[in-house]
Amino acid sequence: MQLIRIILCVSVIQTCSSTETASSNNGNTTNILVKTDAGEDSDDDYVDYADETEVSKQKGQRNQNTFDRVGTYYSWDRWEKWSKCSTTCVQIKKRKCLERSKNSTQEETVERRFYPGNGTLGCSGVLKRYRQCKEERCKIGKQRLRDEQCERFNSVPYREAFYNWVGYEKEHDECMLFCRQVSSDLFISMNQSVTDGTPCNRPAVYYTQFYRRQAVCVEGICRAVHSSGLIRPTTTRDSQLKCGSVLCTRISQIFKQRNLKKNYNHIVTIPIGAMNLSIREEKKQSNNSLALRSPDEVILLNADQSKMSDGGLFTLNNETYQFDRQNGLITSKGPLAKAVILMYFVADTTTSVNDVQYNYTLPISSAPVIEEEEFQAIWDEWGKPINDSDAGYGQRVRERKRKRFNWKLLGFGECNRSCGPGTQTPIFRCINARESSSRYYSPSRCAVIEKPTFSNDIYNCNRGLCPAFWRPSNFSDCQCPNGVSIGRRTRHFECMQEQIKGNVILVPDKLCPARDDLSEPCRCPIILSKTLSLGTKV
């Protein structure tokens, strides 16, 4: 019998509660976890560049060369053993960086081993590797896995009461454990990550590429799983900034260009996947304004050139933007499903063009590691690589693999669009050139071999024309008959359709759903009369 201590720190509670429950399972505790079958992964192209055993052996021999060096040098130590699959469905292997310092040839070398952290100098490359476990217990359903993790808190009081909890998956924070009360919409954060191996749907490549395949949570990060079973590793150059359950990078720029033309001027295209968008215009007296436009030329903000849009909430491509007109601020939580174009509308060239600062975060995968880094041996005290890699060894490894293995094109993945022109990603498999069977090997066997290249036309796909759509024009001038104070203005719509080559053209209205022009009230300009000295009016 073994006691399990469960600590519950809920965000709305200032203190932590704890309880103990007994569990007997041959003296061990077991957390049941999940793993789905490995799907095809054509977008997350991580592969190992060399066999770990060979690289470790090579580096173990080369590290001996650093003993006689004077100064401070760094080299990777041997890989540690894989973690066990007893409590998770992901195994972790990591390695330390070995620091050797020697002030003179007469002194002994002082050694220190450490795991490279954020901003520390030393070794560069892969720090942690991950792989999935193959136990049968890792094949239960995803929702059941989250439910079991939440059920452990049923005996922990929340606000001086006990509740039955089930798993709740928060859309863009899948690797944090959220639990929902049974028969209630109330859900809370348990202030801890889900157990390693819990499936997730949105790794970094989900937001920036067409990735809809397998991914799992590892150490609080949703990581893509390659078709070979490889999981994106952790490297020493990975971003330390998190956006929900993915790593991300912060983009911050100031637009200061002057001498803009009258009308709309392009500033920047905010890419797909952008989060935490903030656009601020330096407020100075000016008749000019910010504007937002979609790639299909639908202007969301300040489309009417005769007046600035009022503040409030706006929707474009199912994304909500908030415009604070008084402070010149546009914000959106994201992530953006489609790119959006930031523009600056110049209505009056005689007034100043204000500076525009835009900030957003963008999901990114772990940093790539090139083959040369895997064979790199030593770094100096400033973190600069020393040219001491065994080029002959690396060449022998590459030649041996090149003779045996090749890439084979099996076909193509799904078209990334349900209609209109799109692209399809080729599916390659690593095969043994000496075998006649259709057995496939780990991509790491073919990592040193270039994949076949083809004409770009072979990657194109088209499932037929997309339905035609209405594109709104700008509003007409306010029509004010007989000097009324409130008139009407009209917006016409044009029927547009994207063609096979991607260009959008005007098509007959009958191809679009029936609709009428849009008419709305508008305020008529006030004309003041002026009395001349002779008493006549003009």
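These numbers come from a predicted model, not from an experiment.

Student: I keep staring at the overall build of the protein chain and nothing clicks. Help me out?
Tutor: In terms of regular secondary structure, the protein chain is built from five helices and 34 strands. When burial is assessed residue by residue, the protein chain has 44% of its 538 residues classed as buried. Working note: accessible area of the protein chain is about 29,800 Å², and carbon and sulfur atoms make up 47% of it.

Student: Just to check I follow, could you spell out the sheet that holds strand S21 (residues 319-324) for this structure?
Tutor: Adjacent strands of a sheet pair through backbone hydrogen bonds, lying either parallel or antiparallel. Pairing is antiparallel in the open sheet, where seven strands are placed in the order S14-S15-S24-S17-S22-S21-S20. The outermost strands of the open sheet, each flanked by one partner alone, are strand S14 (241-243) and strand S20 (312-316). Within the sheet, the average angular offset between the axes of one strand and its neighbour, ignoring direction, is 25 degrees.

Student: For this particular structure, what's the right way to read the confidence of the model for the protein chain?
Tutor: Detailed reading of the predicted coordinates is not advisable wherever pLDDT falls low. Across the protein chain, pLDDT averages 76, with 75% of residues at or above 70. Mean pLDDT across the elements of the protein chain bottoms out in strand S2 (residues 17-23) (34) and peaks in strand S9 (residues 176-181) (94). Counting interchain partners and residues more than four positions distant, the pLDDT-below-50 stretch residues 530-538 has seven contacts.

Student: What's the story with the sheet that holds strand S27 (residues 405-415) in this structure? I'm lost.
Tutor: Across the sheet, which stays open at both edges, the three strands sit in the order S27-S28-S29 with antiparallel pairing between neighbours. Only two strands of the sheet have a single partner each, and these edge strands are S27 and strand S29 (460-462). For this sheet the average axis-to-axis angle between neighbouring strands, irrespective of direction, equals 40 degrees.

Student: Any chance you could explain the packing of aromatic side chains here in plain terms?
Tutor: Throughout the structure, instances matching the rule amount to ten aromatic pairs. For the pair Tyr158 and Trp165, a centre-to-centre distance of 5.8 Å together with 70 degrees between the ring planes defines the contact as edge-to-face. Exposure remark for Tyr158: the relative accessible area of 3% places this residue in the buried category. Measuring from ring centre to ring centre gives 6.0 Å for Phe178 and Phe187, while their planes differ by 70 degrees; the resulting arrangement is edge-to-face. With relative accessibility at 7%, the residue Phe178 sits in the buried group. Within the aromatic cluster, the residues linked to one another by ring pairs are Tyr158, Tyr163 and Trp165. It is Lys94 that lies over the ring of Tyr115; its NZ or CZ is 4.8 Å from the centre. One cation-aromatic arrangement involves Arg489 over Phe475; the distance from NZ or CZ to the ring centre is 4.1 Å.

Student: So what exactly am I meant to see when it comes to the side chain of Thr235 here?
Tutor: Locating Thr235 in the fold gives a position in strand S13 (residues 230-235). A distance of 2.7 Å separates a polar atom in the side chain of Thr235 from a polar atom in the side chain of Asp238.

Student: Sorry, what's going on with unusual backbone geometry here?
Tutor: Across residues other than glycine, the phi torsion is negative in most instances, and most of the peptide bonds are trans. Residue Gly334 is joined to Pro335 through a cis peptide bond whose omega torsion reads 0 degrees. Mapped onto the elements of the fold, Pro335 is located in the loop between strand S22 (329-332) and strand S23 (340-346). The backbone of Glu160 shows a phi angle near 65 degrees, a positive value even though the residue is not glycine. Relative to the elements of secondary structure, Glu160 occurs in the loop between helix H2 (142-151) and strand S8 (165-168). With a relative accessible area of 82%, Glu160 lands in the exposed category. Even without being glycine, Asn263 reaches a positive phi, approximately 115 degrees.

Rules used in this analysis
Residues numbered from 1 in each chain as written. Predicted model: local features only at pLDDT ≥ 70, side-chain atom pairs only at ≥ 80, totals over all residues. Heavy atoms only, no water. Helix = DSSP H or I, 4+ residues; strand = E, 2+ residues; numbered from the N terminus. Buried < 20%, exposed > 50% of the residue type's maximum accessible area, 1.4 Å probe, protein only. Areas by Shrake-Rupley, 256 points an atom, 1.4 Å probe, with all protein chains shown as cover. Pairing = 2+ DSSP bridges. Axes fitted to C-alpha atoms, helices over the stretch in contact; angles between N-to-C directions. pLDDT = per-residue confidence, 0-100. Contact = heavy atoms within 4.5 Å. Phe/Tyr/Trp six-rings, centres within 6.5 Å; stacked < 30°, edge-to-face > 60°. Lys NZ or Arg CZ within 6 Å of the ring centre and 35° of its normal. Polar contact = N/O pair within 3.5 Å; in protein donor to acceptor, adjacent residues only side chain to side chain.

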